[in-house]
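An overview of the molecular structure
Here is what each chain is made of, one letter per residue.
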Amino acid sequence: MSTSAVQVDEQHPPVLIDEPPTVHRSRRPMDAARLALTLTGVVLVVVLSLTASRTVAGIEGDLNEASALVPGWVLLPLTFVAAFATLALWIGFVGLEIAQRRGRTAAEMVLALVLTALTLSAMSLFVQSQAAPEALASAFRPPTSGLVFPTSAAATVALVSIVGWTERRWVQRLSLVAVVGGVLDLLLGGQVTPQGAAFGLLVGRAVALTIRLTSGVPTDRPDGASIAAGLLAHGIHVRRLTARSDAWPRVYSLETDRDQRDLVVLDRDREGTGLLSNAWQWLRLRGDILPTESVTMRGGTDQRALAALALREAGVRSPHLIATFALGPDAIALVYERPDGQRLSDLLASAEGDDGTGVAEMGDRADVGNDESVSTEYGELTPGPESELLPEKTLDDLWTQVRLMQKSGIAHRQLASETIALDERGRACILEHFSATVAASSVAMSADVAQLLVLTASIVGPRRAVAAAVRNMGRDAVGDALPLVQPLALPPSTRARLRSRNELLERVRDQVR
């Protein structure tokens, strides 16, 4: 972490920025997902070519009949246009990168072209040789003496994939003309088969994505100075910017002339970070129980903004979304008000670490209540000093926030100690609503009840926790959540609290019944 004073403009004083050193190249998780999808496509093309031979033969026959009806003078302009577009794209793209002093990217483009051409040429020679299995040769060998695979079109796909699908329209149009025109010319000329064309294009894509993952790509994420400039441009007079998390998304502490705020920055460098966890949850869980965060920059922004506005409209105590704006084409910033108080996870850590020291002060400020079960319940499940963090008034306030969410059809789906804050008066604030969903299903809302029920039971004991839940939500709502009182439906931090309380879930179920 380095600290620097940056003069963003002459009208404002320098901004103090605390953040890790700038990373110039990064490996994007989305590229790994795209590579896996591309390789899956390669395997599917080969499998379908070998197993669905009659269907493939029918398609080839239709193309042969179509090519026989097309005069040669029609294919000549198509060949010329595709070749011109390909050559212009190769020279123009590589030359543009060199002119902009991005020699490494230009070298990666040339490498992608060469590797794609060599790979497909080697495969073409193998398919046409006697060593190739008969089924494979018959599936990919063209009706006339040809290239087997569209090498130039595949190389164009590799070239464009190195830098991504840019917003330059001339690049998009030339790419479409070069790839579609080149493949169509070869198909009508009988020089490649449909499966050979698909295989070649996928190989070009896979080569480029492998290079991107190996070498990394130039990062598009804005640094602290760019973020400060964006804040000032939108009327937020920032004085200090401190990075709290460099993961997806990046989180900053923002100090202005009047108050402190939280800043969340989403960028394209970390898109795709949650793909594996989302897929794993989809495989192991039925229904809309745990959150599946959007893995794209725009989707994540829309999800967070909608959740913040919906919670605010529902009257739920949560951080207010003050502003959201773009930081160039590849990053978006969201500014939230800083909630009062501390996270429940921090308070629990202090209570458990200090053996209750410092917790009594908060208990004196709020009505702890007189529940004899707190000190006599279930042997090893006896609540410790941290139970003073959740007096009856605070428990009721927590459940009130959940009731307000459910009244408006909102499910948080990640109610845990790190997503709840308590102020000095024992009032609860719901944090981290990136996982919240509107128009939620009954299963998702029951999951919220189960998550908060187990969390509070791990702090104050099953009897008080269930009594508070029934008192505020009703016995029917708590009963509907009973099937979700199990580890798979709980956030990771809550599951960690259960490791030393093996009988807690069973005790909670007994109290509800």
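The preceding data block contains the structure.
Residues numbered from 1 in each chain as written. Predicted model: local features only at pLDDT ≥ 70, side-chain atom pairs only at ≥ 80, totals over all residues. Heavy atoms only, no water.

1. Quick notes on the sheet that holds strand β11 (residues 420–422)
Strand pairs in the sheet, formed through backbone hydrogen bonds, run parallel or antiparallel to each other. The three strands are arranged β10-β11-β12 in an open sheet whose pairing can be described as antiparallel. Because the sheet does not close on itself, it has two edges, and the strands there are β10 (342–343) and β12 (428–430). Sheet analysis places β11 next to β12, joined by three bridges and oriented antiparallel. Bridge pairing in β12 links Leu422 to Ala428. (Pairing = 2+ DSSP bridges. Helix = DSSP H or I, 4+ residues; strand = E, 2+ residues; numbered from the N terminus.)

2. Section: the sheet that holds strand β1 (residues 2–6)
Taken in spatial order, the seven strands make up an open sheet running β1-β2-β5-β6-β7-β9-β8, and their pairing is mixed. In this open sheet, the two edge strands, each paired with only one partner strand, are β1 and β8 (321–326). The average undirected angle you get between the axes of adjacent strands in this sheet is 20°. This element, helix α9 (residues 224–233), spans β1, β2 (15–19), β5 (238–245), β6 (250–256), β7 (260–267), β8 and β9 (331–337) of the sheet and lies at about 130° to β5. In the packing of helix α11 (residues 297–314) onto the sheet, contacts are made with β7, β8 and β9, and the angle to β9 comes to roughly 20°. (Axes fitted to C-alpha atoms, helices over the stretch in contact; angles between N-to-C directions. Contact = heavy atoms within 4.5 Å.)

3. A word on the pairing of β8
On a regular strand, one side chain projects to one face of the sheet and the next to the other, so that they alternate. Judged from the five bridges that link them, β8 and β9 form a sheet pairing that is antiparallel. In the sheet register, Leu321 faces β9, and the bridge partner there is Tyr336. Turn length for the β8-β9 hairpin, with the two strands adjacent in sequence and antiparallel, is four residues, and the turn residue Gly328 shows positive phi of about 85°.

4. Overview of the pattern of salt bridges
Evaluated as defined, the whole model comprises 24 salt bridges. Residue Glu392 is joined to Arg464 by a salt bridge in which the shortest nitrogen-to-oxygen separation is 2.6 Å. Of the two residues, Glu392 is situated in helix α15 (residues 392–407) and Arg464 in helix α17 (residues 462–473); the sequence distance between them amounts to 72 residues. Assessed through its relative accessible area of 3%, Arg464 is described here as buried. In the salt-bridge network here, residues are joined through shared partners; they are Glu392, Asp396, Arg464 and Arg471. (Salt bridge = Lys/Arg side-chain N within 4 Å of Asp/Glu carboxyl O. Buried < 20%, exposed > 50% of the residue type's maximum accessible area, 1.4 Å probe, protein only.)

5. Brief notes about the environment of Leu113
Structurally, the position occupied by Leu113 is in helix α4 (residues 103–128). Among residues more than four places away in sequence, those in contact with Leu113 are Trp90, Ala155 and Leu159.

6. Side note on the nonpolar core
Counting 50 residues, the largest nonpolar core has Leu344, Trp399, Ile420, Leu452, Leu453, Val485 and Val508 as the members making the most contacts within it. When residues of this core are traced back to their parent elements, those giving at least two are α11, α12 (344–353), α15, β11, β12, α16 (442–460), α17 and α20 (504–512). The leading source of residues in this core is α16, at 10 residues. In this structure, Val485 is in contact with Ala450, Leu453, Val454, Leu505, Val508 and Arg509, ignoring residues within four places of it in sequence. Leu89, Ala139, Phe140 and Val148 belong to the second-largest nonpolar core, a separate cluster that totals 27 residues. (Core = buried A, V, L, I, M, F, W, Y, C linked by side-chain atoms within 4.5 Å.)

7. Side note on the side chain of Gln451
Note that Gln451 resides in helix α16. For Gln451, the side chain forms a polar contact with the main-chain oxygen of Ala489, separated by 3.2 Å. (Polar contact = N/O pair within 3.5 Å; in protein donor to acceptor, adjacent residues only side chain to side chain.)

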